[in-house]
Amino acid sequence: ELVVQALLNLDFNGSETVVRLNGRFTPYCEADVRALVPARPNVLALAMTESAEDIRWLDSLVTAVETEHGVEPGSTKLMARIETAVGVLNARDIAFGSPRLVAMSFGAEDFTNSIHSERTDQGHELLSARTSVVLAARAAGAALSPGIEIDVSIAAVGFVQAGLGIAVVDALLPWEQFAGLAVR
């Protein structure tokens, strides 16, 4: 309800509004979509996306809610948050799952948990998975920017510098030492 009120009442000064949804199989996802779509966010980001069916389901639900509320059909775009091993393995199919899909992002923390691994400063445990998501998104013409990468390791630096996403990171780390990164 707070997010709906913010979308309806705050001036975002032309900024794109992206709202993260809980995963498809949570008790909140469908109700959140039904509440959010009439408030007209630019993009709905589905957490824990693991299959193209997840994206097709969301596309169908968003279409129905747009129609019910007089919102232009197709105007609400989608983002897939790839955060599990299953999602990474299905990234290509997810990327082509809906013409509404405009972006994909990779969630390092949940992914690391899904493979029962520990995060390292170097992020080697993430390289293959992150690359798979990048390739899938690029092949489908989806963006990784403004993909949101929540990452507290040095592993995000190369991807951000290459323009393949943005990083929301621990502000206490010395990020200003890396060229091409904006610290806010």
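Remember, predicted model here, so these are calculated numbers, not experimental data.

Quick notes on the rules
Residues numbered from 1 in each chain as written. Predicted model: local features only at pLDDT ≥ 70, side-chain atom pairs only at ≥ 80, totals over all residues. Heavy atoms only, no water. Salt bridge = Lys/Arg side-chain N within 4 Å of Asp/Glu carboxyl O. Helix = DSSP H or I, 4+ residues; strand = E, 2+ residues; numbered from the N terminus. Buried < 20%, exposed > 50% of the residue type's maximum accessible area, 1.4 Å probe, protein only. Arc of directions from axis to C-beta. Contact = heavy atoms within 4.5 Å.

Draft legend 1. Spatial organisation of the pattern of salt bridges. Tallied over the full model, the rule gives ten salt bridges. Among the salt bridges present, the one from E53 reaches R56, with a minimum N-O distance of 3.5 Å. With E53 and R56 both in helix 3 (residues 52-68), this residue pair falls three residues apart, about one helical turn. On the basis of relative accessibility, which here comes to 43%, the residue R56 falls in the partly exposed class. Between R92 and D93 there is a salt bridge whose closest N-O contact spans 3.5 Å. Members of the salt-bridge network, linked through shared partners, are E30, R34 and E68.

Draft legend 2. Region of the structure containing helix 2 (residues 29-36). Within helix 2, burial applies to C29, V33 and L36. Down the axis of helix 2, the smallest arc covering the buried residues is 75°, so these residues share one side. Where helix 2 is buried, its residues meet helix 1 (2-9), strand 1 (18-21), strand 2 (43-46) and helix 3.

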